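# Fold and contact review
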Amino acid sequence: MGAVKPWHIAVLVVLLILLFGAKRLPDAARSLGRSLRIIKAETKGLVDDDKGDLAEKADAQAGRQPIPPQQVQQQPAAPPVVDPVQRSRDVI
């Protein structure tokens, strides 16, 4: 029931030709091929970068030391905030 038969492919090809036209299909296939090549090259580059980065990260981790805690400086307390509306009511 889930198998693709040759007549399924033929119907699909006919529908694609009717929808897009015979002139546009080769261009679409060409651009799809280029896109797949670009994706393949980028994923290969990412995998190669990851392998190189792991070695660099392992070397960097070995030489690390914890950061010493810094002294917290106390700031002077800010004056209390006075609501101008409440202040005018107090005056009256």
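Residues numbered from 1 in each chain as written. Predicted model: local features only at pLDDT ≥ 70, side-chain atom pairs only at ≥ 80, totals over all residues. Heavy atoms only, no water.

Here the focus is the overall build of the protein chain. Looking only at helices and strands, one finds three helices and zero strands in the protein chain. If you list the helices and strands of the protein chain from N to C, you get α-α-α. Among the 92 residues that make up the protein chain, the fraction classed as buried is 0%. (Helix = DSSP H or I, 4+ residues; strand = E, 2+ residues; numbered from the N terminus. Buried < 20%, exposed > 50% of the residue type's maximum accessible area, 1.4 Å probe, protein only.)

Here we take up the confidence of the model for the protein chain. Looking at the protein chain, pLDDT values average 78 and 70% of them are 70 or higher. Per-element confidence in the protein chain is highest for helix α1 (residues 6–20), whose mean pLDDT is 89, and lowest for helix α3 (residues 84–91), whose mean pLDDT is 69. (pLDDT = per-residue confidence, 0-100.)

Moving on: a nonpolar patch on the surface. A surface patch of nonpolar side chains, about 530 Å² in accessible area, is lined by Trp-7, Val-11, Val-14, Leu-15 and Leu-18. Along the polypeptide, Val-14 turns up in helix α1. With a relative accessible area of 48%, Val-14 lands in the partly exposed category. (Patch = residues over 30% accessible without salt bridge, like charges linked within 9 Å, V, L, I, M, F, W, Y side chains within 5 Å. Areas by Shrake-Rupley, 256 points an atom, 1.4 Å probe, with all protein chains shown as cover. Salt bridge = Lys/Arg side-chain N within 4 Å of Asp/Glu carboxyl O.)

Moving on, we come to the pattern of salt bridges. Tallied over the full model, the rule gives one salt bridge. For Asp-27, the salt bridge goes to Arg-30, with nearest N and O atoms at 2.8 Å. Within this pair, Asp-27 and its partner Arg-30 are both found in helix α2 (residues 24–62), separated by three residues, close to a single helical turn. A residue is classified by how much of its surface remains accessible, and Asp-27, at 44% relative accessible area, is partly exposed. Assessed through its relative accessible area of 43%, Arg-30 is described here as partly exposed.

A word on α1. Over its 15 residues, α1 runs 21 Å from end to end, which matches the ideal 21 Å to within 8%, given 1.5 Å per residue. In the segment just after α1, Gly-21 is the residue with positive phi, at about 90°. (Expected span 1.5 Å × (residues − 1).)

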